[in-house]
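Chain by chain, the residues run as shown.
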Amino acid sequence: MSASGGSKAIVAALSANAGIAVAKFVGFAITGSSSMLAEGVHSVADTANQGLLLFGRKRAARAATPAHPFGYGRDRFFYSFVVALLLFSLGSVFAIYEGVHKLSAPEELTSPVVAIVILVVAIGLEGYSFMTAVGESRELKGDATWWGFIRQSVNPELPVVLLEDTGALVGLVFALAGVGLSVATGDPIWDAIGTIAIGILLGVIAAVLIVETKSLLIGEAARPPLIATITASLVGGPVERVIHLRTQYMGPEELLVAAKIAVPGSLPTETVAEAIDAAEARLRARVPEARIIYLEPDLDRTGSEDGLDPSLDPTP
């Protein structure tokens, strides 16, 4: 699954959330709605998150150094992990705290119409951001489901933006419902309940993002379909089979491939070297993200080692 793309979705989300955050805080100042306050903090967190994602992409583009010979591609994974933590701490925990506080000391809303108008406008802006993220993700998603894309994508930014925007849209609906029910019933407790619902929603989204980005951060192998492509690419000419294979993403667009390949023992050294070069060329042609390749020739001792060892299956 390709790792390119995502900048347009991040910029769209950052622009939308910055404007929405200001509007929500104005709405909170006028109405006193805890749902508006929780949503304002949520939008501030989202704005900071998109800034971190862009910063991570810039940091990851740095050239390799002697201290970091494989480059800085994992910076994108790291900053996506930080985003997940911020979404939990600044979004979920604060919203739940504010909701519980307002449950214990309910306050009447003032000018709730202002809050409703701001929330409706925010839904429209968040919808634009969400559709931008969907448009950028659709090509990368391929035939996978949206949940499968979030679980399997090695591009850390698009799943983050998709889940953030989804959470923002659902959270706005919760806030709108809380304010609306408070107005309809005259009981401000609904506003507090809406705030708690927003906090729980953000907590669930943050937990999913933490799990998925952590997996990329500590090192994730290529998926089985790509493993099959890599194996097929390496076999050919004097290369009889792949004895064993290890892969790991060093960044969203940089895959390390290390393999032991079987070649006949009677071949001269020069022919073995040519076979390795040819295998590398075939692999780079079929898997462009295979940027770092290490191939070790060996004699075929069938049965002693197996590249399809089930204990090394990259499927989580």
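Residues numbered from 1 in each chain as written. Predicted model: local features only at pLDDT ≥ 70, side-chain atom pairs only at ≥ 80, totals over all residues. Heavy atoms only, no water.

Some points on the overall build of the chain
The number of helices and strands found in the chain is 9 helices and 3 strands. Reading the helices (α) and strands (β) of the chain from amino to carboxyl end gives α-α-α-α-α-α-α-α-β-β-α-β. For 316 residues, the compact-globule estimate of 2.2 N^0.38 gives 20 Å, and the C-alpha radius of gyration of the chain, at 25 Å, exceeds that figure by more than 25%. For the chain, the spread of C-alpha atoms along the principal axes amounts to about 90 × 35 × 35 Å. Every one of the 316 residues in the chain was classed for burial, and the buried ones make up 46%. In the chain, of all internal contacts separated by at least 6 residues, the share reaching a separation of at least 24 is 77%. About 14100 Å² of surface is accessible on the chain, with carbon and sulfur atoms providing 67% of the total. Counting 22 positive and 32 negative side-chain charges, the chain places the averaged centre of each group 4 Å from the other. (Helix = DSSP H or I, 4+ residues; strand = E, 2+ residues; numbered from the N terminus. Rg over C-alpha atoms; globule rule 2.2 N^0.38 Å. Buried < 20%, exposed > 50% of the residue type's maximum accessible area, 1.4 Å probe, protein only. Contact = heavy atoms within 4.5 Å. Areas by Shrake-Rupley, 256 points an atom, 1.4 Å probe, with all protein chains shown as cover. Lys, Arg positive; Asp, Glu negative; His and termini not counted. Charge placed at Lys NZ, Arg CZ, Asp CG, Glu CD.)

Some points on the nonpolar core
Core analysis: the largest hydrophobic core is formed by 36 residues, its most contacted members being Leu 53, Leu 87, Leu 119, Phe 149, Val 161, Ile 205 and Leu 209. Of all the secondary-structure elements, those providing two or more residues to this core are helix 1 (7-31), helix 2 (34-60), helix 3 (75-104), helix 4 (112-141), helix 5 (146-152), helix 6 (157-185) and helix 7 (189-218). The element contributing the most residues to this core is helix 6, with 8 residues. Contacts of Ile 205, omitting those with residues within four sequence positions, involve Leu 87, Leu 163 and Gly 167. Of all hydrophobic cores here, the second largest spans 26 residues; its members include Val 239, Leu 255, Ala 279 and Leu 295. (Core = buried A, V, L, I, M, F, W, Y, C linked by side-chain atoms within 4.5 Å.)

So, a nonpolar patch on the surface
On the surface, a cluster of nonpolar side chains totalling about 320 Å² of accessible area is made up of Ile 96, Val 100, Ile 200 and Val 204. When contributions to the nonpolar patch are tallied by element, the ones reaching two or more residues are helix 3 and helix 7. On the secondary structure map, Val 100 appears in helix 3. (Patch = residues over 30% accessible without salt bridge, like charges linked within 9 Å, V, L, I, M, F, W, Y side chains within 5 Å. Salt bridge = Lys/Arg side-chain N within 4 Å of Asp/Glu carboxyl O.)

Topic: the environment of Ala 115
Relative to the elements of secondary structure, Ala 115 occurs in helix 4. For Ala 115, a relative accessible area of 0% puts it in the buried group. Ala 115 sits 50 residues away from Thr 65 along the chain, and the two C-alpha atoms are 52 Å apart.

Section: empty space enclosed by the protein
Evaluation of the coordinates by the stated rule reveals 2 cavities of 30 Å³ or more. Lining the largest cavity are 14 residues, with Ile 150, Ser 153, Glu 212, Thr 213 and Leu 216 positioned closest to its centre. Secondary-structure elements contributing two or more residues to the lining of the largest cavity are helix 5, helix 6 and helix 7. No other element matches helix 7, which puts 4 residues into the lining of the largest cavity. Residues belonging to the lining of the largest cavity are distributed by class as follows: 6 nonpolar, 4 polar and 4 charged. When its volume is computed, the second largest cavity comes out at roughly 50 Å³. As for the second largest cavity, its lining consists of Gly 32, Ser 34, Lys 102, Pro 106, Glu 107, Pro 188, Asp 191 and Ala 192. (1 Å grid on protein atoms, 1.4 Å probe; cavity = no way out; pocket = protein on both sides within 12 Å on 5 of 7 lines; lining within 4 Å. Points joined across faces, edges and corners; volume = space filled by probe spheres on them. Nonpolar A, V, L, I, M, F, W, Y, C, P; charged D, E, K, R; others polar.)

Things to note about the packing of helix 6 against helix 7
Taken N-terminus to C-terminus, the directions of helix 6 and helix 7 make an angle of 170 degrees; their axes are 7 Å apart at the nearest point. One finds that helix 6 runs roughly antiparallel with respect to helix 7. Each residue belonging to the contact of helix 6 with helix 7 can be placed in one class, and the counts come to 15 nonpolar, 6 polar and 1 charged. (Axes fitted to C-alpha atoms, helices over the stretch in contact; angles between N-to-C directions. Parallel < 35°, antiparallel > 145°, perpendicular 65-115°, else oblique.)

What to know about the confidence of the model for the chain
Taken as a whole, the chain shows an average pLDDT of 84; of its residues, 94% reach a score of 70 or greater. Across residues 307-316 the pLDDT falls below 50, and counting only partners more than four positions away or on other chains, this stretch makes 14 contacts in the model. (pLDDT = per-residue confidence, 0-100.)

Quick word on the side chain of Glu 220
Position of Glu 220 relative to the elements: it lies in the loop between helix 7 and helix 8 (224-234). For Glu 220, a relative accessible area of 9% gives the class buried. A polar side-chain atom of Glu 220 sits 3.1 Å from a polar atom in the side chain of Arg 223. For Glu 220, the residues in contact, after removing those within four places along its chain, are Ser 215, Thr 247, Gln 248 and Tyr 249. (Polar contact = N/O pair within 3.5 Å; in protein donor to acceptor, adjacent residues only side chain to side chain.)

Examining the packing of aromatic side chains
Tallied over the full model, the rule gives 3 aromatic pairs. On the numbers, 5.3 Å between centres and 90 degrees between planes, the contact of Phe 55 with Tyr 79 is edge-to-face. In this pair, Phe 55 sits in helix 2 while Tyr 79 sits in helix 3, placing the two residues 24 residues apart along the sequence. Under the relative-accessibility criterion, Phe 55 is labelled partly exposed at 39%. With a relative accessible area of 14%, Tyr 79 lands in the buried category. With 6.1 Å between their ring centres and 90 degrees between their planes, Trp 146 and Phe 149 make a pair best called edge-to-face. Of this pair, Trp 146 and Phe 149 both sit in helix 5, 3 residues apart, roughly one helical turn. Accessibility expressed as a relative area gives 33% for Trp 146, which makes it partly exposed. Ring-pair connections join several aromatic residues into one group, and the members of that group are Phe 55, Phe 78 and Tyr 79. (Phe/Tyr/Trp six-rings, centres within 6.5 Å; stacked < 30°, edge-to-face > 60°.)

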